[in-house]
Structure formats: structure tokens, C-alpha cells
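One-letter residues, chain by chain:
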Amino acid sequence: MEKIAILASGKGSNANAIIDYFQQSDRASVSLIITNKPKAGVLEIARQKGVPCATIPNDQLDPGLIETLQSNNVDYVVLAGFLRIIPHVVIRAFEGKIINIHPSLLPHHGGKGMYGMKVHEAVKSAGEAQTGITVHEVNEKYDEGKILFQKSVQVDSDDSPEQIAQKVQKLEHYYYPRVLEKLINNEKIENGN
Ligand code: GRF
């Protein structure tokens, strides 16, 4: 069984979707949730679902993150709203096995400071006709790793940023677990569009 660790700083709705999806799997399961925020909503999700969790404060991520991943024999690292740069040592150790999801069609509306509602507000004010999700490998820069998968959704001219966020989250919860499963199974990941 492959072991997945999810790194999250926020409410954890993607973590929730991934935990649920892999409960049916005989190949992999979520064995650990790691957060850098002691009050993150994802901790409550982990507690409800019975998944062990670890809180590592920002100033202890290096070397705390690699030590925690290795001592728990983690195989895949999945970022789901984790708002910190990942230490080099972790990126090197998990090359090809560490992914992130971004709530827009990268390279549009990504980079440092572009997270949460800021992304959807930028999509709205740019007057985009579509937005979507991007699953990508993680490297040392925000949102710049190799793109593995994208799926778009239409933005209607009267959509509010909140409505755009809802459309995007629906895509995230459906596709992120499935793209991760293909990565673990070493299957070809077809682009969603
Ligand atoms: C998601 O929109 C994801 O794309 C981004 O952070 C958000 C996390 O949301 N990287 P949640 O905590 O999973 O609800």
C-alpha cells in the first residue's frame, strides 16, 4: 500500500475529498495530514476521519518536514492549500512524487501571493471567459513545476468571485484524487480539456 501525506494550511476540503476517495483503494491511502497552522480546519477533518496528523510550525519545516515524511514512510506528498515553499531536501527526496493543485489555469493567475479568493478575484477582474484547475509537480518556486493536468470551466459574465470559486472547487474535488491515483498507478494522465 502506497502512503500519501497531505500538506494543508486551510480548511481542507481537498484533503477531505482525497481521504474519502482513497478509502476505496487497495493501492494507496492517506496515512498522514501535515499542517503548519495549529488552528487549520484540516485538523478537524483529520480527527473526524481518523487520519493521524502532525503540526510543524513554519520555522521548523526544515528539517521537520523531511524527518516527519521519512519517519512515517510516506511515498507521495500532496499539497492541498499549503501556503509555504517546500524545503529543497523534500523536493529532491520526492521528485516526481510531490504535487500541488492551483485554482486557475496556470501560468495565468499563479505565483507568490496568488491563493484563495485572490485568484478568483483576479480572474473576474481580467474578464476571463474561462478558468479552471492545474495539477502540477512541485519545485522550489510557487506554481512553476511541470504541469500534469488542467481542466477548465466557463466563467459567466455575471459570476461573482465566490461563484467562480465554487465552480473551481467542484472540479478540484472531483479531479485531484483521480489525477493522483493515475500518478500512483503510473498511468498516463490525459489532459482534462
Ligand atoms: C484550493 O483551492 C487549492 O487549489 C489551493 O488551495 C485551496 C485549498 O482549499 N491550492 P481547501 O483547504 O482544500 O478547501
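Preceding block: the structure.
A quick note: this is a predicted structure, and the numbers were derived from the prediction, not measured. (Residues numbered from 1 in each chain as written. Predicted model: local features only at pLDDT ≥ 70, side-chain atom pairs only at ≥ 80, totals over all residues. Heavy atoms only, no water.)

Student: What am I meant to see in unusual backbone geometry here?
Tutor: The phi angle of most residues is negative, glycine excepted, and most peptide bonds adopt the trans form. Cis geometry is found at the peptide bond from Asp 62 to Pro 63, where omega equals 10°. Within the element layout of this structure, Pro 63 appears in helix H3 (residues 61-71). The step from Leu 106 to Pro 107 runs through a cis peptide bond, and the omega angle for that step is 10°. Positionally, Pro 107 belongs in the loop between strand S5 (98-102) and helix H5 (117-125). Phi angles above zero are rare outside glycine, and Asn 186 is one such case at about 60°. Residue placement: Asn 186 occurs in the segment after helix H6 (161-184). Since its relative accessible area comes to 71%, Asn 186 is described here as exposed. (Helix = DSSP H or I, 4+ residues; strand = E, 2+ residues; numbered from the N terminus. Buried < 20%, exposed > 50% of the residue type's maximum accessible area, 1.4 Å probe, protein only.)

Student: What am I meant to see in the side chain of Thr 131 here?
Tutor: With respect to the helices and strands, the residue Thr 131 is situated in strand S6 (residues 130-137). Classification of Thr 131 as buried rests on a relative accessible area of 3%. For Thr 131, the residues in contact, after removing those within four places along its chain, are Pro 103, Ser 104, Leu 105, Val 123, Lys 151, Ser 152, Val 153, Val 155, Ile 164 and Val 168. (Contact = heavy atoms within 4.5 Å.)

Student: I keep staring at the sheet that holds S6 and nothing clicks. Help me out?
Tutor: Backbone-to-backbone hydrogen bonds join strands into a sheet, with any given pair of strands oriented parallel or antiparallel. Taken together, the seven strands give an open sheet; going across it, the order is S3-S2-S1-S4-S5-S6-S7, and neighbouring strands pair in mixed fashion. Looking along the sheet, the strands with just one partner apiece sit at the ends: strand S3 (53-55) and strand S7 (147-154). Direction aside, neighbouring strands of the sheet carry axes that sit 20° apart on average. Bridge count for strand S1 (residues 2-7) against strand S4 (residues 76-79) is four bridges, and the pairing is parallel. Across the sheet, the residue bridging to Ala 5 is Val 77, located in S4. In this fold helix H1 (residues 13-22) packs onto S1, strand S2 (28-35) and S4, with an angle of close to 155° to the strand it touches most, S2. (Pairing = 2+ DSSP bridges. Axes fitted to C-alpha atoms, helices over the stretch in contact; angles between N-to-C directions.)

Student: Sorry, what's going on with the nonpolar core here?
Tutor: When a protein is soluble and globular, its nonpolar side chains tend to lie buried together. Of all hydrophobic cores here, the largest spans 36 residues; its most connected members are Ile 4, Ile 6 and Ile 33. Take this core: its biggest share by element is eight residues, from H6. Beyond its immediate stretch of four places on either side in the chain, Ile 4 contacts Phe 22, Ala 28, Ser 29, Val 30, Ser 31, Leu 32, Tyr 76, Val 78, Leu 180 and Ile 184. Formed by 20 residues, the second largest nonpolar core is a distinct cluster that contains Ala 54, Leu 61, Leu 79 and Phe 94. (Core = buried A, V, L, I, M, F, W, Y, C linked by side-chain atoms within 4.5 Å.)

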